[in-house]
Amino acid sequence: MRGTALGLVIAWTALALACSGTPAKAPAAAKPAPVTVQSVVAPPDVALEIACTPTGPETCFDAIDNNCNGAIDEGCGVHTGVIQFTVAWPDAGADVDLSVTDPKGEVARINDVTQLGLAKDRNCPGDPESCQGQSMENVYLVEGDVPRGTYRVAVKLNRLGNSPPPLRVRFSARVGQRTWSALLEFRVPRDQKVLTFVL
Ligand SMILES: [Ca+2]
Ligand SMILES: [Ca+2]
């Protein structure tokens, strides 16, 4: 009898110890911090518009967030993301390059994803079949947390097309809840506009 009681005490103590060693409750997964943009720097001849004016349903391949839902050219076969940089231009013969360098210094490329998660759609005119006369390039964050740091966005004219200069290239950017847009004017090949977004 005494032995049984002692056994119970030992068992009870062991159970109590085991319970006290268990963490009370796993902490809830931390919510990702909101994406805030510390600064945006654009060349003096680039007028960045911050406000979005809804003009109707989304129109494809114009690099404009027509419906002001924060995604640029969604539903058009291009990817969107919490980070998105997009250019579009009206002359299919002109060659414009969008080159985005992520905070680790890696450039987003087609068919590849940078370590931080940036990827690129479309290289126009490139293979004429792929752009079908719709000149547009798009860089986006594939998934995951938004990497903080400096994004360098370079838009470069490689070749003019059939229309006389200037070539007007529509540029739009989305970072978190905010979007920017501007018309970039290019006159001679190798002209380049560089914008930086610091998060
Ligand atoms: Ca949209
Ligand atoms: Ca659009």
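This section reports on the structure supplied with the text. Source: prediction; values computed, not measured.

**Things to note about the sheet that holds strand β6 (residues 150–159)**
With antiparallel pairing, the 4 strands of this open sheet are ordered in space as β1-β9-β6-β3. Two strands bound the open sheet, and with one partner strand each, they are β1 (39–41) and β3 (95–101). Each strand axis lies, on average, 10° off the axis of its neighbour in the sheet, ignoring direction. The pairing of β1 with strand β9 (residues 192–198) spans 3 bridges and is classified as antiparallel. The partner of V40 across the bridge, within β9, is F197.

**Considering the nonpolar core**
V87, V100, V155 and V169 are the most contacted members of the largest nonpolar core, which has 38 residues in total. The set of elements that each furnish at least two residues to this core consists of β2 (83–89), β3, β4 (118–121), β5 (135–141), β6, β7 (167–175), β8 (178–186) and β9. The residues contacting V100, other than those within four sequence positions of it, are F85, V107, A108, L118, V139, Y151 and V153.

**Topic: the sheet that holds β2**
On the basis of which strands lie adjacent, the open sheet formed by 5 strands has the order β4-β5-β2-β7-β8 and antiparallel pairing. The open sheet has two edge strands, β4 and β8, and neither has a second partner. Between one strand axis and the next, the sheet turns by 15° as a mean value, whatever way the strands run. Bridging between β4 and β5 involves 4 bridges; their strand directions are antiparallel. Bridge pairing in β5 places A119 opposite Y140.

**Notes on unusual backbone geometry**
In this structure, P125 follows C124 across a cis peptide bond, with omega equal to 0°. Here P125 is to be found in the loop between β4 and α2 (128–131). Put simply, P165 and P166 share a cis peptide bond, and its omega is 5°. Assignment of secondary structure puts P166 in the loop between β6 and β7.

Cut-off values and rules
Residues numbered from 1 in each chain as written. Chains lettered and ligands numbered in written order. Predicted model: local features only at pLDDT ≥ 70, side-chain atom pairs only at ≥ 80, totals over all residues. Pairing = 2+ DSSP bridges. Helix = DSSP H or I, 4+ residues; strand = E, 2+ residues; numbered from the N terminus. Axes fitted to C-alpha atoms, helices over the stretch in contact; angles between N-to-C directions. Core = buried A, V, L, I, M, F, W, Y, C linked by C-beta atoms within 7 Å. Buried ≥ 20, exposed ≤ 12 C-beta atoms within 10 Å, placed from the backbone. Contact = placed C-beta atoms within 7 Å.

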